[in-house]
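Okay, here's what each chain looks like letter by letter:
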Amino acid sequence: MLTDSISSFAPCQRLVLTFVLAMCILVACVLSTETTMPTQNMSNKERAELREEAREMFYHAYHAYMENAYPADELMPLSCKGRYRGVTPSRGDMDDILGNFSMTLVDTLDTLVLLGDFTEFEHAVKLVIRDVQFDSDIIVSVFETNIRMVGGLLSAHILAEYLQKHADTMHWYKGELLEMSRELGYRLLPAFNTSTGIPHARVNLRLGMKDPQLKKSRETCTACAGTILLEFAALSRLTGDPIFEVRAHAAMDALWKLRHRGSDLMGTVLNVHSGDWVRRDSGVGAGIDSYYEYLFKSYVLLGDDKYLARFNRHYNAVMKYVSEGPMLLDVLMHRPHAKSKNFMDSLLAFWPGLQVLSGDLKPAVQTHEMLYQVMQMHTFIPEAFTVDFQIHWGQHPLRPEFIESTYFLYRATGDHHYLQVGKRALKTLQQHAKVSCGYAAVNDVRTGKHEDRMDSFVLSETIKYLFLLFSDPQDLIINVDEFVFTTEAHLLPLSIAQLGNATFSFRQSDEHNVLDFMRTCPSSNKLFPEKVRKPLRNFITGSCPRATAGKRLSALDFQASNADHLRAVYDMGITMVSVGDRSQGKAKSHEEGEMGLQFMQEMLELTKMQSINQLAQLQAVAYATDEKAQDWIALMAGPSHFSPELIGDQFVQGDVLLANPLRACDESLENAEEARGKVLVAERGDCTFVSKARLAQKVGAAALIVCDNVPGSSGETQPMFAMSGDGKDDVLIPVVFMYSVEFGKLSAVMERRKLPLRVRVMQMVEFKRWQLAKAQRQNQTAAVTQKPDKEL
Ligand code: DMJ
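Calculation criteria
Residues numbered from 1 in each chain as written. Predicted model: local features only at pLDDT ≥ 70, side-chain atom pairs only at ≥ 80, totals over all residues. Heavy atoms only, no water. Helix = DSSP H or I, 4+ residues; strand = E, 2+ residues; numbered from the N terminus. Buried < 20%, exposed > 50% of the residue type's maximum accessible area, 1.4 Å probe, protein only. Contact = heavy atoms within 4.5 Å. Areas by Shrake-Rupley, 256 points an atom, 1.4 Å probe, with all protein chains shown as cover. pLDDT = per-residue confidence, 0-100. Near = heavy atom within 4 Å. Polar contact = N/O pair within 3.5 Å; in protein donor to acceptor, adjacent residues only side chain to side chain. Nonpolar A, V, L, I, M, F, W, Y, C, P; charged D, E, K, R; others polar. Pairing = 2+ DSSP bridges. Axes fitted to C-alpha atoms, helices over the stretch in contact; angles between N-to-C directions. Phe/Tyr/Trp six-rings, centres within 6.5 Å; stacked < 30°, edge-to-face > 60°. Lys NZ or Arg CZ within 6 Å of the ring centre and 35° of its normal.

J.: Honestly, the overall build of the protein chain in this entry has me stumped. Any pointers?
T.: Along the protein chain, the regular secondary structure elements total 23 helices and 28 strands. Looking at the protein chain residue by residue over its 792 residues, the buried ones come to 60%. For the protein chain, long-range pairs separated by at least 24 residues make up 72% of all intrachain contacts whose partners lie at least 6 apart in sequence. On the protein chain, roughly 32,600 Å² of surface is accessible, and the fraction owed to carbon and sulfur atoms is 52%.

Shown next as structure tokens:
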């Protein structure tokens, strides 16, 4: 039934066809201007060789898994054995991915079909039917189980039926994989029993939410809750059981209601019962990425305008507040002009691919180009990198997102640049990740050290997208344009919307006109990829990336001590007036004048935000200026997301000690003994904030101050930010950040004093309150002591 409709489009796919058509026009525009394209064209021969190399990569990893790890969930490529939940030493929350259900094999099934290996596919399907079961007392991530397992099973089911019909094979298959996905779907459903309808993050496969460990379950991420609908809708449409789709739509509706009504942005972590936001950072990477992807793709797969309208609203907000040139920087959903992080994470590399699908090619080309430069700079794209492209978190688990975007950009533009990018990505994997037993994640891109980990997405996505990039449509058994790729690159046919089991009849959305927020595309004079990439060619290699030509200096980045910044604001018509200087700034051009106005507006907003809103979060490192500790001075510091908050009159006090080595990235410190009970200072750089914190905690420090490594930086001219961690909450000591100028003041006092300097780490607002109360007490005492005099 389904396979009959695979090659024909459902009526509700008209918009999809329009989109495909738009993409064709766009490709035509792009191809017609190839004269400016300097990229070396790749010969058909080389492309075919790379396709075969991708195929070999697949088999190298697949056989390593099948021969050494199956039926485990994952291969451990360094120890060359399987990773089993409850058997292999736990990695904490990360292991919630694992359910002892042969995840890598299930996740990989449809790649076998794309490779045209029907014999192995048939064999693998038989193994899954024979070996995989879900009745385990194991807590798993709802999101991961859905995208990897439910998605993997559904896609394999669809392709098995397709092969029965078109390749005259697998006639024994009777829908067993679909039944398995239905069973697994039912095991995930208890997670949806919340007052909002937004699912819990985790569920016990056997006990549902009755597992005592899940009693306190409250928080989930936006992507976790918002990446269900494609699989659950397919499940309902294919089984005729509406419950899955009903629950997934309800979760999407509940999430939509939580957007910030002013900015249209979403946070990243929320409480599933109250619907309150727990983390209000808003970007397109970790914690939210595939929520946006599923809004758009739900529209494509199901034809419901509502999802396109929602996607457009969010997209517009992201492009307004988060996107800054080619960069995408998190802001606060309720204060969208305030940047909340000074780094980007590698997960956001999927964004250009999504932009291609939605038709906004120019920013896709730009962001992809920036990411490509990050990759060239650090070999792989590190898990997180700062706005000046330094490593924030050096891990690289062989993620697919950048290759995925490269694939979609190539499909949309036909530009051979993207084949060259793919070639580089492929060769890098071969050179730096291939080991004798599969492909190993990179623990730190600076050292190239491997990790005993090969995530299932290496086979289901990373290598799949490489293979697709180097394949011509005629090389493939199926027409991929008739499928939607889920976030785990599983294939769901567009024809699913045609199935009679639709649980909703969609009407024209009354929320918004779907085109209200559409960015225009194609725009023939702007969309030539090379033309777009050219100005960005040295985007991250210039001496001062924040002020390179073409990229407007934002007030957020402005530093009064930076000569380039002063020059840039002068060009925008803004003169920094010092006493005695009354000359007026005059903009270089009208355009720059406008930029200047925008800059000043931002500056005003920043100042306001900094003084009012950020005060609550601001931390203080305070010290006494006299021996009797009567008078105190506080220096401004920033908080962290991963350490406990000092609330009210809480503070931590100790003598300041510089870590040795100062960066505090090693396993231990040379002055570890001395550090016990001290307020340790470590310099920013070489490793993550949270790893410095863990080391400080390990040596018994009372608190940690991380001081900036950029000379001249100051909280007076730059917005304070909160240091991010890696999602774990094992740091129990307070950790604060100080810019260089503020820390310089502290170290000057340390140098002047012969005795160690004792400091208090506390909330700035509390410090002010404390000082005020002290001043009031002194006034009262003065009044009391003055009273008798007056009476005399
Ligand atoms: C995959 O499991 C999916 O692509 C998901 O959406 C994000 N994380 C990984 C790959 O990085």
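J.: Help me out: how do you make sense of the confidence of the model for the protein chain in this one?
T.: Any segment with low pLDDT has predicted coordinates that should not be analysed in fine detail. Summary statistics for the protein chain give a mean pLDDT of 86 and a share of 80% for residues scoring 70 or more. A low-confidence stretch, residues 517-526 stays under pLDDT 50, and its non-local contacts, those more than four residues away or across chains, total 21 contacts.

J.: Is there a simple way to think about the site of the ligand in this case?
T.: If you check the shell around the ligand, you find Ile147, Arg148, Leu347, Arg399, Pro400, Glu401, Phe457, Glu461, Thr487 and Glu488 and nothing else. Residue glutamate 401 places a side-chain N or O atom 2.7 Å away from an oxygen atom belonging to the ligand. When isolated, the ligand has an accessible area of 290 Å², and the protein chains bury 94% of it. Elements with a contribution of two residues or more to the shell around the ligand: α5 (142-166) and α16 (457-469). Partitioned by chemical class, the residues of the shell around the ligand number four nonpolar, one polar and five charged.

J.: Before we go on, may I ask you to explain the sheet that holds strand β24 (residues 652-658) in this structure?
T.: Note: strands within a sheet are paired through backbone hydrogen bonds, in either parallel or antiparallel orientation. If you walk across this open sheet you meet the seven strands as β23-β22-β28-β24-β25-β26-β27, and the pairing is mixed. Edge positions in the open sheet fall to β23 (632-637) and β27 (735-738), since each of these has one partner strand only. For this sheet the average axis-to-axis angle between neighbouring strands, irrespective of direction, equals 35°. Bridge analysis of strand β22 (residues 619-624) against strand β28 (residues 758-763) gives five bridges, and the strand direction is antiparallel.

J.: When you look at the packing of aromatic side chains in this model, what are you seeing that I'm missing?
T.: Each pair of aromatic rings is reported with the distance of its centres and the angle of its planes. Here the structure, examined in full by the defined rule, presents 28 aromatic pairs. A ring pair is formed by tyrosine 291 and tyrosine 292, whose centres lie 5.5 Å apart and whose planes are at 50°; its orientation type is tilted. As far as the burial class goes, tyrosine 291 and tyrosine 292 line up, both buried. Through a chain of ring-to-ring contacts, the aromatic side chains of Tyr291, Tyr292, Phe296, Tyr299, Phe311, Tyr315, Phe350 and Trp351 assemble into a single cluster. Above the face of the tryptophan 632 ring, arginine 760 is positioned so that its terminal group lies 4.9 Å from the ring centre. When the ring centre of tryptophan 770 is taken as reference, the NZ or CZ atom of lysine 774 above it lies at 5.1 Å.

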